[in-house]
Amino acid sequence: MTAKERFLKYVTFHTTSDENSSSCPSTEGQRTLLSFLKEELLAMGIAAEQDENGYVTARIPANAEGLPVLCFLAHVDTSPAVSGENVRPREVVYEGGDIPLGNGVTLSEKDNPDLRELIGETLIVTDGNTLLGADDKAGVAEIVTAAERMVNDPSFRHGEIAIAFTPDEEIGRGTDLFDVEKFAADFGYTVDGGKLGEIEYENFNAAAATIEVKGYSIHPGGAKNRMKNAVDLFCEFHDLLPEADRPVHTENYEGFYMADELSADVEKATCKYIIRDHDGENFRRRKEFFLSCADFLNGKYGEGTFTATVKDSYYNMASVIRENFHLVENARKAMKDCGIEPITVPIRGGTDGARLSFLGLPCPNLSTGGYNFHSRTEFIPAGAPDRMTEVILKIVSLYAERQ
Ligand SMILES: [Zn+2]
């Protein structure tokens, strides 16, 4: 079976993750797809198992000695930002211009300059009602197909291969219950990136922060010099954070503060923020500045008026990957050998690989071939999944050559 055929099968599973659920997987549809994947691997003769939290792991024994255990990972859930139910993928030959998707949604040339490189190609698009799920079912399909090709070709030389399919990446829990020690791989890749050629090994340092403001409510008619309106005070806090340091004004390596969720009345205001920066020192300064703004305003309005908290979420994996830079070099070489121009871009977010890297499993991120993740305009060139399968096989070969 081709990776494209597999991808089209996997997107029919409804696997949207749910932040409000405390179970793992957060939604049953994910467990259904994970069980399907386990059975699919078993049917190929690959030792696969599923644990009680839904995680599927599999191993292909080495047929050559002295090689590292290389792993490939992908997640089965799709982003809760857009519906992932009843995904109806459609293939269109792209001849330039806009692609009307349905439901009033258009994949426009203007908003998607990458489309120009894809004239003449067949694209898999949505019907405008849902996302597509190339994030990350394309990654899953590419890994499964590479595994099938490996076991079906006894002449293909490789070390031990470890595979993992995980739930709930999109709600930040993808690695929470993943047993890295039991998985026992040396290093590997997540296959969860965008357009063909992307190799990502630098991501944000990330923290979640909150500010709580305690106000004092009194009838507005008699409020002079007495009312402390938490709404106003919150605005004062927010204004202390540099306006230029917001996602809407930043790109590449630039960090930011972002107000994410606000609830406020006269007595109490609470706002959740996220803080991001690629640079470790800048990240530390940003967190300190956030806390110092609360201190400053407490000096003005009284101790206890503002309470700020900051909690780290994940770190930039670049420091770990630089010590294992063969991962990036081999990925680049494999892509070039497959006729794909490697692109290294800093991730303005995090990946499961970033967390795994700090748990002792260095994992840069490879492209899946998809575009516009978490959106109704998500699409993937129809040939991309099978081209990425070739890249994965090439990487495996390169690690077998090294010895
Ligand atoms: Zn993803």
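The rules behind each value
Counting restarts for each chain, with residues numbered from 1 along the sequence as it is written. Only residues with pLDDT of at least 70 are given local features in this predicted model, and only at 80 or more are side-chain atom pairs given and counted; all residues enter the totals for whole chains, interfaces and linings. Only hydrogens and water are set aside; all other atoms, that is, all heavy atoms of the structure, feed into the side-chain values. A helix here means a DSSP run of H or I that spans at least four residues, while a strand means a run of E at least two residues long, and both kinds are numbered starting from the N terminus. Radius of gyration means the value over C-alpha atoms here, while the globule rule gives 2.2 Å times the residue count to the 0.38 power. Relative accessibility decides the category of a residue: with a 1.4 Å probe and only protein chains considered, values under 20% of the type maximum give buried, values over 50% give exposed, and everything between is partly exposed. Working rule for contacts: check all heavy atoms of both residues, and any pair within 4.5 Å makes them a contact. The start and end points of each domain follow an automatic or database-based domain assignment. A simple way to read buried area is as the amount of 1.4 Å-probe accessible surface that goes missing from two parts once joined, with both sides added. For this document, the term salt bridge refers to a Lys or Arg side-chain nitrogen within 4 Å of an Asp or Glu carboxyl oxygen. Polar contacts here mean pairs of N or O atoms no more than 3.5 Å apart (in protein, one a potential hydrogen donor and the other a potential acceptor; neighbouring residues in sequence count only if both atoms are side-chain atoms). Here the nonpolar group is Ala, Val, Leu, Ile, Met, Phe, Trp, Tyr, Cys and Pro; Asp, Glu, Lys and Arg are the charged ones; every other residue, Gly included, is treated as polar. Paired strands, in this sense, are two strands between which DSSP finds at least two bridges. Metal sites are built from N, O and S donor atoms within 2.8 Å, or 3.2 Å for Na, K and Ca, and they leave out water, so they may look incomplete. Donor angles set the geometry label: tetrahedral for four donors if every angle is between 85 and 135 degrees, square planar for four and octahedral for six if opposite donors exceed 155 degrees and the others are between 65 and 115, irregular for anything else. Note on definitions: angles span 0 to 180 degrees between N-to-C directions of axes, and those axes are lines fitted to C-alpha atoms, for helices only across the stretch in contact. We call a set of buried residues a nonpolar core when its members are Ala, Val, Leu, Ile, Met, Phe, Trp, Tyr or Cys and they connect through side-chain atoms within 4.5 Å of each other. Any angle from 65 to 115 degrees is called roughly perpendicular, while one under 35 is roughly parallel, one over 145 is roughly antiparallel, and all others are oblique. Two helices that cross are described as forming a left-handed crossing if the nearer one is turned anticlockwise from the farther one by less than a right angle, and a right-handed crossing if clockwise.

## Details of the overall build of the protein chain
Right, so step 1: Within the protein chain, the regular secondary structure consists of ten helices and 17 strands.
Right, so step 2: In summary, the protein chain has a C-alpha radius of gyration of 24 Å against a globular reference of 22 Å for 403 residues, a match within 12%.
Right, so step 3: By its C-alpha atoms, the protein chain is 85 × 50 × 40 Å across when sized along the principal axes.
Right, so step 4: By the burial criterion, 53% of the 403 residues in the protein chain qualify as buried.
Right, so step 5: In the protein chain, once contacts between residues fewer than 6 apart in sequence are set aside, the share between residues at least 24 apart is 79%.

## Focus: the domain arrangement of the protein chain
Right, so step 1: On domain assignment, one finds that the protein chain holds domain 1 (3-202 + 316-401) and domain 2 (205-314).
Right, so step 2: Here the C-alpha centre of domain 2 lies 36 Å away from the C-alpha centre of domain 1.
Right, so step 3: At the boundary of domain 1 with domain 2, total buried surface from both sides reaches about 840 Å², with 46% on carbon and sulfur atoms.
Right, so step 4: On the domain 1 side of the contact with domain 2, N316, P346 and R348 bury the most area, a combined 63% of that side's loss.
Right, so step 5: Across the domain 1-domain 2 interface, the total number found is zero salt bridges.
Right, so step 6: At the surface where domain 1 touches domain 2, the tally comes to nine residue pairs in polar contact (both at pLDDT 80 or more).
Right, so step 7: Per-class residue counts for the side of domain 1 that touches domain 2 are two nonpolar, three polar and three charged.

## Overview of the sheet that holds strand 4 (residues 90-93)
Note: strands within a sheet are paired through backbone hydrogen bonds, in either parallel or antiparallel orientation.
Right, so step 1: Spatial strand order, 4-7-17: three strands in an open sheet with antiparallel pairing. The strands lining the two open edges of the sheet, one partner per strand, are strand 4 and strand 17 (380-381).
Right, so step 2: Strand direction decides the pairing type here: strand 7 (residues 122-125) and strand 17, joined by two bridges, are antiparallel. Along strand 17, the bridge assignment pairs I124 with I380.

## A short note on the coordination of the zinc ion
Right, so step 1: The coordination sphere of the zinc ion contains the protein donors H75 (NE2), D135 (OD), D192 (OD) and D192 (OD), at a distance range of 1.8 to 2.7 Å.
Right, so step 2: The site at the zinc ion holds four donor atoms, and with the angles between them running 52 to 146°, its shape is irregular.
Right, so step 3: In the primary structure, the donors to the zinc ion are separated according to the pattern H-x59-D-x56-D. Taken together, the positions of H75 in strand 3 (residues 70-75) and D192 in strand 9 (residues 187-193) put the pair 117 residues apart, joining distant regions of the chain.
Right, so step 4: For D192, a relative accessible area of 12% puts it in the buried group.

## Examining the pattern of salt bridges
Right, so step 1: One pass over the structure, following the stated rule, counts 23 salt bridges.
Right, so step 2: E39 serves as the salt-bridge partner of K38, at 3.7 Å between the closest nitrogen and oxygen.
Right, so step 3: For E39, a relative accessible area of 45% translates into the label partly exposed.
Right, so step 4: Overlapping salt bridges, with partners in common, bring together E281, R284, R285 and E288 in one network.

## Focus on the sheet that holds strand 11 (residues 205-214)
Right, so step 1: Strand order in this open sheet of four strands is 12-13-11-14, and the pairing throughout is antiparallel. Two strands lie at the open edges of the sheet, namely strand 12 (256-264) and strand 14 (306-314), each paired on one side alone. The sheet shows a mean angle of 15° between the axes of neighbouring strands, taken without regard to direction.
Right, so step 2: Here ten bridges tie strand 11 to strand 13 (residues 268-277), and the two strands are oriented antiparallel to one another. For A207, the partnering residue across the bridge sits in strand 13 and is I275.
Right, so step 3: Seen against the sheet, helix 5 (residues 230-240) touches strand 11, strand 12, strand 13 and strand 14 and runs at an angle of roughly 15° to strand 13.
Right, so step 4: On top of the sheet, helix 6 (residues 280-301) reaches strand 11, strand 12, strand 13 and strand 14; it is set at about 170° to strand 14, its chief contact.

## So, the pairing of strand 8 (residues 161-166)
Right, so step 1: In terms of residue burial, strand 8 counts as a mostly covered element, since six of its six residues are buried.
Right, so step 2: Here strand 8 shows two buried faces, one formed by I161, I163 and F165 and the other by A162, A164 and T166.
Right, so step 3: Here strand 2 (residues 56-60) runs beside strand 8; their pairing, made up of five bridges, is antiparallel. Its bridge partner lying in strand 8, R59 is registered against A162.
Right, so step 4: As paired elements, strand 3 and strand 8 share six bridges and run parallel to each other. Each bridged residue has a counterpart across the sheet, and for C71 the counterpart in strand 8 is A162.

## A word on the nonpolar core
Right, so step 1: Judged by nonpolar contacts, the single largest core of 63 residues is most densely connected at F72, F165 and I395.
Right, so step 2: Setting aside residues up to four positions removed in sequence, I395 forms contacts with L70, F72, Y189, N330, A331, A334 and L366.
Right, so step 3: Counting residues in hydrophobic clusters, the runner-up holds 21 residues, among them L233, F237, L241 and F306.

## Side note on the packing of helix 5 against helix 6
Right, so step 1: Where helix 5 contacts helix 6, the two axes come as close as 10 Å, and the packing angle between them is 135°. Our classification of the angle between helix 5 and helix 6 gives oblique. Considering only the axes of helix 5 and helix 6, their crossing is right-handed. Here L233, E236, F237 and L240 of helix 5 lie close against helix 6, whose contacting residues are F289, F290, C293, A294, F296, L297, K300 and Y301.
Right, so step 2: Among the residues forming the contact of helix 5 with helix 6, the class breakdown is ten nonpolar, no polar and two charged.

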